[in-house]
Amino acid sequence: MPGSEIQQITTFLAAFARRKAARTVDFPGGFAALDDAFPLSYGNNYAVVDAAVDPEALPALADEVLGHLPYRLLTVLDDGAGKACAGPLLRAGYAHRVYLVMLHGGPVPAGGGAQEVDLDALRVPLARRWRDFLPDAGEEVIRQLVDRRETCRRGADTVRFIGARTPDGEVASWADLYLDPATGTAQIEDLVTSELHLGRGYADAVLAAALRRAADSHCATRFLTADAADWPRHWYERRGFSVIGRCHGFERT
């Protein structure tokens, strides 16, 4: 049932954030997931709301646990709570984005064409892609965004970096795969293709390999999250994913 799968997924997401963090700070309704080794990485320093919270109190709670940072980033895992928190956070100067929880329900592909890669193989293409996304970012920002990938290994029982290579051996497309066989849960995260290699099927190869590895690890709940306002959601829909829920992101810089 979609309701039980959403609960399974949100529990996984909250647990992953806690495990990945170098330290956590609890507050009523959630926690801050922090890593002082990567202060410039939003994805390593943010707040997660995973329980009942007072929406009106949330801006002040965020200031309390994230006050040492020059920005505020919050993830609200429950759709209803996210909608309730939107008003107070928007009034406090936050921008709001909706993320779709998408569950794979199609046939599992055979999975050929991409393999597990290590972080060293990803460093050059990953840094290049971040420079495409953030052309004004300094070298220290890029370094942290590349090196932070290693912290993902703490987040789940099994973490794999999946990559598809060009004939010359360069990693052209890549994604993370987080596996929790005990609960049958698998998340595919950060599927990215190098600007030099778009439109050549490399992302399809990575996605197929990730889905196959998840199925082979007895993970029947295979999911990802996608920005509700961006085009990849439709790309995923054509590949067997459907929307079963929503979570919410709030950012203030």
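Here the structure is shown first, and the text comes after it.
Predicted model, so just to flag it, every value in this text is computed and none were measured.

Draft legend 1. Focus on the overall build of the chain. Within the chain, the secondary structure is distributed over seven helices and eleven strands. The C-alpha radius of gyration of the chain comes to 18 Å, within 12% of the 18 Å expected for a compact globule of 253 residues. Counting only C-alpha atoms, the chain reaches 55 × 45 × 30 Å along its principal axes. Of all 253 residues assigned to the chain, the portion counted as buried reaches 49%. By element, 52% of the accessible surface of the chain is carried by carbon and sulfur atoms, the whole surface being about 11,500 Å². Between the mean site of the 28 positive side-chain charges and the mean site of the 34 negative ones, the chain shows a separation of 3 Å.

Draft legend 2. How the structure looks around the pattern of salt bridges. Tallied over the entire structure, the rule returns 23 salt bridges. R252 is the partner of D63 in a salt bridge, and the nearest nitrogen-oxygen pair spans 3.2 Å. Taken as a pair, D63 in helix α2 (residues 58-66) and R252 in strand β11 (residues 241-252) lie far apart in primary sequence, 189 residues in all. The class for R252 is partly exposed, based on a relative accessible area of 23%. Residue E139 is joined to R131 by a salt bridge in which the shortest nitrogen-to-oxygen separation is 3.0 Å. Exposure remark for E139: the relative accessible area of 53% places this residue in the exposed category. When its relative accessible area of 39% is taken as the criterion, R131 is described as partly exposed. Three or more residues are tied together by salt bridges with common partners; here these are D120, R123, E140, R143 and D147.

Draft legend 3. Structural view of the pairing of β11. Direction of pairing for strand β4 (residues 72-76) relative to β11: antiparallel, over a ladder of five bridges. Counterpart to V76 in the pairing with β11 is H248. Across ten bridges, strand β5 (residues 95-104) lies against β11 in antiparallel orientation. Bridged to V101 within β11 is G245.

Draft legend 4. Representation of the side chain of S41 in the model. With respect to the element layout, S41 can be found in the loop between β2 (30-34) and β3 (46-49). A relative accessible area of 0% means that S41 is categorised as buried. Among the polar contacts listed, one links the side chain of S41 to the side chain of R148, at a separation of 2.8 Å. S41 has contacts with Y71, Q144, L145 and R148, leaving out every residue within four places of it along the chain.

Draft legend 5. Layout of the packing of aromatic side chains. For the structure shown, the criterion picks out seven aromatic pairs. Ring pairs connect the aromatic residues F12, F16, Y178 and F223, which therefore count as one cluster. One cation-aromatic arrangement involves R18 over F31; the distance from NZ or CZ to the ring centre is 4.0 Å.

Rules used throughout
Residues numbered from 1 in each chain as written. Predicted model: local features only at pLDDT ≥ 70, side-chain atom pairs only at ≥ 80, totals over all residues. Heavy atoms only, no water. Helix = DSSP H or I, 4+ residues; strand = E, 2+ residues; numbered from the N terminus. Rg over C-alpha atoms; globule rule 2.2 N^0.38 Å. Buried < 20%, exposed > 50% of the residue type's maximum accessible area, 1.4 Å probe, protein only. Areas by Shrake-Rupley, 256 points an atom, 1.4 Å probe, with all protein chains shown as cover. Lys, Arg positive; Asp, Glu negative; His and termini not counted. Charge placed at Lys NZ, Arg CZ, Asp CG, Glu CD. Salt bridge = Lys/Arg side-chain N within 4 Å of Asp/Glu carboxyl O. Pairing = 2+ DSSP bridges. Polar contact = N/O pair within 3.5 Å; in protein donor to acceptor, adjacent residues only side chain to side chain. Contact = heavy atoms within 4.5 Å. Phe/Tyr/Trp six-rings, centres within 6.5 Å; stacked < 30°, edge-to-face > 60°. Lys NZ or Arg CZ within 6 Å of the ring centre and 35° of its normal.

Note that every value here comes from positions in space, so none of it alone points to a role or purpose.
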